[in-house]
Amino acid sequence: MAPKGPTPDKARLGLPDRWLHCPKTGTIVNDLFFPFKTPLCRMYDQQIPERKWKFSPADVFSSPFLNGRRIGLWIDLTNTDRYYFPDEVTEKSCRYVKMAMAGRGMSPTKEETDKFIKIVSEFHEQNPELLVGLHCTHGFNRTGFLIAAYLFQVNEYGLDAAISEFANNRQGGIYKQDYIDDLYTRYDPSEDERVMAPEKPDWERQQHFNEGPNQNNNGTASSSQANFANGNGNQSASSSNGQNNGAGVKQFMDGLVKGARHVDDPGKKSVLQAKIQELCKWTKQGFPGLQPVSLSRDNINCLEKEPYMVSWKADGMRYIVYINDGEVYAFDRDNEVFEIDNLDFVNNDGSPLKGTVVDTEVIIDKVEEHGIIRDHPRMLIYDVMRIGGVNVMKEPFSKRFKIISTEIIDKRDAGFRSGKLRRERQTMSVRRKDFYLLESTWKLFERRFVENVGHEIDGLIFQPTDRQYETGRCDKVLKWKPPSHNSVDFLLNIRKECREGMLPEWTGLLFVQNQREPFGSMKATASLKQYDGKIIECTLKVNERGQAVEWVFMRERTDKSLPNGLRTAQNVLDTMLRPVTEEYLLGAINHSLRVLNARKREHRSQEGHSDPKRPRVQ
């Protein structure tokens, strides 16, 4: 959904973690490779406090360490497109190749390494005088792994010599032992005397004032920020158990929104959970909200069976909110309860709104105030179950959608205009989340729309216009994500496997709800071990033939205590292996609109009169 390349919104996510003081470049390796950290386009300039620390693609080409040589092939290993424009490379008569790799302790796969070697070998054979520029986020671990692999396989270096050659030309070289161990496991498993990684460099250990702990090595937001913005469609590992503070108490919005507190009293919490269960007519335990299903090639024909509306999918945190006589309570996906202070909802006469339940997504918008970009918490209301004590769940969505404006937002705005309410006292702003007619879906892909939203978008929601609100799973409400964003939430269980005659290996087993056998597995790197026993979000790497290669860690899900169910995981897996691309989606929507229009014409013909146009939902 996000536009390709850097945008002001993506730049506002900040500099890559630990980037500022990371050495800019190394020196030429084996008369072929030139390693460097990722350069940044000019959109990041205002975040860099001193000119000497700026580093752009143009600075790479003019580096004195090139010794007058020219870079003819530029390979970008970062797992994002937000740092600079490829045109900044190609305008220098240099070929640009994107090979996005996960990083975060995950070494390049054999397939990735073989592809890299093939690209470089073919280029070097045709252009023996030109250099290959290569970078990941910092230009050390992924970069060093691939260069060492090339030297070992193509130039027949010994593995220790290959690792040392890179280290001698890149300020100490690979400093994460996992990458070095993976090189030996792959190329020289019988070697006992292995090269040991140097100590972590000072620049890598420090968090500088302009970098902060907001970004991971892939360039995407981490920790709580990962819940709101994903500059690459891939969210990353958080450094702690996000929603829990040091005492183990859950926090509303990972603590990013002040003025909300966890309801700790067991009696009060139980009463509120029972109340929301009753108001939503929910007969089961747990979170009572509607659960959409992933849009796939098998269920996309739902769009031609009845009218739909569409909205963007914001990557915030979902809460069902209970509004009653001046008190506001939010229920998260784990059915934990939070009380929100200073968030007013009123009637026309200024009296507090009562008996109201809404479905919401809370996000952090980036808002410019007096030339400074600030985080602005916002509650987006996209559905309503009860209003003023009246159950509206059986009303069609088109009517419920209008109720949000007329009975909640409009009356709240009137309170501000009259002075009965004060904006500066509100914990967060409140808006209705917009939905559009199905035929307008293409507009949600436009750069202008994406840039004006104020927060990152990671997909679309398709809502039937005439259907009532259903608690629990609803097969008619569809959520679509770009193929790169599709993911499954697993429970991670790391186990040590010992096989006769082989070194012990750690494996991450991936479990879904109520299943004794793992749904999949992944290599348990050192950086993954901290998430043992936690809920993690993973995507599936698929090769060019549409075959599954391996599960890839994205981030910890601090807002969930349970993994996806088996049926959900299977559906998402199908969308990964048979993806619904933007092109496929828009083509299917056009077909659905033709089917719906033909059906309406047939109906009018049978009735013998014109069918009035469906009023546009405001």
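About the criteria used
Residues numbered from 1 in each chain as written. Predicted model: local features only at pLDDT ≥ 70, side-chain atom pairs only at ≥ 80, totals over all residues. Heavy atoms only, no water. UniProt positions renumbered as here; feature names shortened; annotations may be inferred. Pairing = 2+ DSSP bridges. Helix = DSSP H or I, 4+ residues; strand = E, 2+ residues; numbered from the N terminus. Axes fitted to C-alpha atoms, helices over the stretch in contact; angles between N-to-C directions. Contact = heavy atoms within 4.5 Å. Core = buried A, V, L, I, M, F, W, Y, C linked by side-chain atoms within 4.5 Å. Buried < 20%, exposed > 50% of the residue type's maximum accessible area, 1.4 Å probe, protein only. Expected span 1.5 Å × (residues − 1). Parallel < 35°, antiparallel > 145°, perpendicular 65-115°, else oblique. Left-handed = near helix turned anticlockwise from the far one by under 90°. Nonpolar A, V, L, I, M, F, W, Y, C, P; charged D, E, K, R; others polar. Phe/Tyr/Trp six-rings, centres within 6.5 Å; stacked < 30°, edge-to-face > 60°. Lys NZ or Arg CZ within 6 Å of the ring centre and 35° of its normal. pLDDT = per-residue confidence, 0-100. Polar contact = N/O pair within 3.5 Å; in protein donor to acceptor, adjacent residues only side chain to side chain. Salt bridge = Lys/Arg side-chain N within 4 Å of Asp/Glu carboxyl O.

- As recorded by an unreviewed UniProt entry, the chain carries the name mRNA-capping enzyme and is attributed to Caenorhabditis nigoni.
- Among the UniProt annotations of the chain, the heading Subcellular location (unreviewed entry) holds the following wording: "Nucleus".

1. Comments concerning the sheet that holds strand E4 (residues 131-135)
- An order of E1-E4-E2-E3 is seen for the 4 strands of this open sheet, with the pairing classed as parallel. Of all the strands in the sheet, just strand E1 (33-35) and strand E3 (95-98) have a single pairing partner and so form its edges. Neighbour to neighbour, the strand axes of the sheet diverge by 20 degrees on average, direction disregarded.
- Across 5 bridges, strand E2 (residues 71-76) lies against E4 in parallel orientation. Each bridged residue has a counterpart across the sheet, and for Trp74 the counterpart in E4 is Gly133.
- Here helix H4 (residues 110-126) sits on the sheet and contacts E1, E2, E3 and E4; the angle it forms with E2, its principal contact strand, is near 170 degrees.

2. Regarding the nonpolar core
- Counting residues in each nonpolar core, the largest one holds 35 residues, and the members touching the most others are Phe33, Ile75, Phe116 and Leu183.
- Residue assignment for this core shows that the elements contributing at least two residues are E2, H4, E4, helix H5 (141-153), helix H6 (159-169) and helix H7 (177-187).
- Broken down by element, this core gets its largest block of residues, 7 residues, from H5.
- In contact with Ile75, other than residues within four places in its own chain, are Val97, Met99, Phe116, Val120, Val132, Gly133, Leu134 and His135.
- Core analysis: the second largest hydrophobic core is formed by 28 residues, Phe338, Ile340, Leu343 and Val358 among them.

3. Overview of helix H12 (residues 566-577)
- When the terminal C-alpha atoms of H12 are compared, their 16 Å separation across 12 residues agrees well with the 16 Å that a helix rising 1.5 Å per residue should span.
- Looking at the buried side of H12, the elements it contacts are strand E6 (290-294), strand E18 (488-497), strand E21 (535-542) and strand E22 (548-556).

4. Considering the packing of H5 against H6
- Contact geometry of H5 with H6 gives a least axis separation of 8 Å together with a crossing angle of 135 degrees. Taken together, the axes of H5 and H6 are oblique relative to one another. Handedness of the H5/H6 crossing: right-handed. Facing Thr143, Gly144, Ile147, Ala148, Leu151 and Phe152 of H5, the residues of H6 in contact are Leu159, Ala162, Ile163, Glu165 and Phe166.
- Considering only residue class, the contact of H5 with H6 consists of 8 nonpolar, 2 polar and 1 charged.

5. Regarding the packing of aromatic side chains
- Enumeration over the complete set of coordinates arrives at 25 aromatic pairs.
- Among the aromatic side chains, those forming a connected cluster through ring pairs are Phe34, Phe36, Phe61, Trp74, Tyr84 and Tyr96.
- The ring of Trp19 carries Lys37 above its face, with NZ or CZ at 3.9 Å from the centroid.
- When the ring centre of Phe345 is taken as origin, the NZ or CZ atom of Arg412, which lies over that ring, is 5.3 Å away.

6. Remarks on the sheet that holds E18
- Here we have 5 strands laid out as an open sheet, ordered E20-E19-E18-E21-E22, and antiparallel in their pairing. Sheet topology places strand E20 (520-523) and E22 at the edges, where each strand pairs with a single neighbour. Ignoring strand direction, the axes of neighbouring strands in this sheet form an average angle of 45 degrees.
- Alignment of E21 against E22, held across 7 bridges, turns out to be antiparallel. Note that in E22 the partner of Thr539 across the bridge is Val552.
- Its contacts with the sheet put H12 on E18, E21 and E22, and the angle it makes with E21 is roughly 30 degrees.

7. Looking at unusual backbone geometry
- Phi angles above zero are rare outside glycine, and Asp325 is one such case at about 55 degrees.
- Note that Asp325 resides in the loop between strand E8 (317-324) and strand E9 (327-331).
- With a phi angle near 65 degrees, Asn335 is a residue other than glycine that sits in the positive phi range.

8. Quick word on the confidence of the model for the chain
- On average, residues of the chain score 86 in pLDDT, and 90% of them reach the 70 mark or higher.
- The spread of mean pLDDT over the elements of the chain runs between helix H8 (residues 202-205), the lowest at 72, and E2, the highest at 97.
- Taken as a whole, residues 207-247 scores under 50 in pLDDT and shows 154 contacts with residues more than four places along the chain or in a different chain.
- Here residues 614-618 scores under 50 on pLDDT; set against residues more than four positions off or in separate chains, the count is 9 contacts.

9. Digging into the side chain of Ser294
- Among the secondary structure elements, Ser294 is positioned in strand E6.
- You can call Ser294 buried: its relative accessible area is 12%.
- Setting aside its immediate chain neighbours within four residues, Ser294 contacts Asn299, Lys479, Val572 and Thr575.

10. Focus on the UniProt feature "domain: Tyrosine specific protein phosphatases" (unreviewed entry) in the chain
- The sites that carry the UniProt feature "domain: Tyrosine specific protein phosphatases" (unreviewed entry) are, in the present numbering, residues 114-181.
- As annotated, residues 114-181 has a helix share of 62% and a strand share of 7%, and its two end C-alpha atoms lie 18 Å apart.

11. Comments concerning the side chain of Thr143
- By the secondary structure assignment, Thr143 is in helix H5.
- Polar contacts involving the side chain of Thr143 include one to the main-chain amide nitrogen of Cys136, which spans 3.1 Å.

12. Focus: the environment of Glu368
- Here Glu368 shows up in strand E11 (residues 356-369).
- Separated by 86 residues in sequence, Glu368 and Gly454 have C-alpha atoms that sit 9.9 Å apart.

13. Considering the pattern of salt bridges
- All chains considered together, the criterion is met by 35 salt bridges.
- The residue Asp489 makes a salt bridge to Arg557 at a minimum N-O spacing of 3.2 Å. Note that Asp489 is positioned in strand E18 and Arg557 in the loop between E22 and H12, a separation of 68 residues in sequence. Arg557 matches Asp489 in its accessibility class, with the two residues each being buried.
- The partner of Arg557 in a salt bridge is Glu537, with the nearest N and O atoms 4.0 Å apart. With Arg557 in the loop between E22 and H12 and Glu537 in strand E21, this pair connects stretches of sequence that are 20 residues apart.
- Of the residues examined, Arg557 reaches a relative accessible area of 10% and is grouped as buried.

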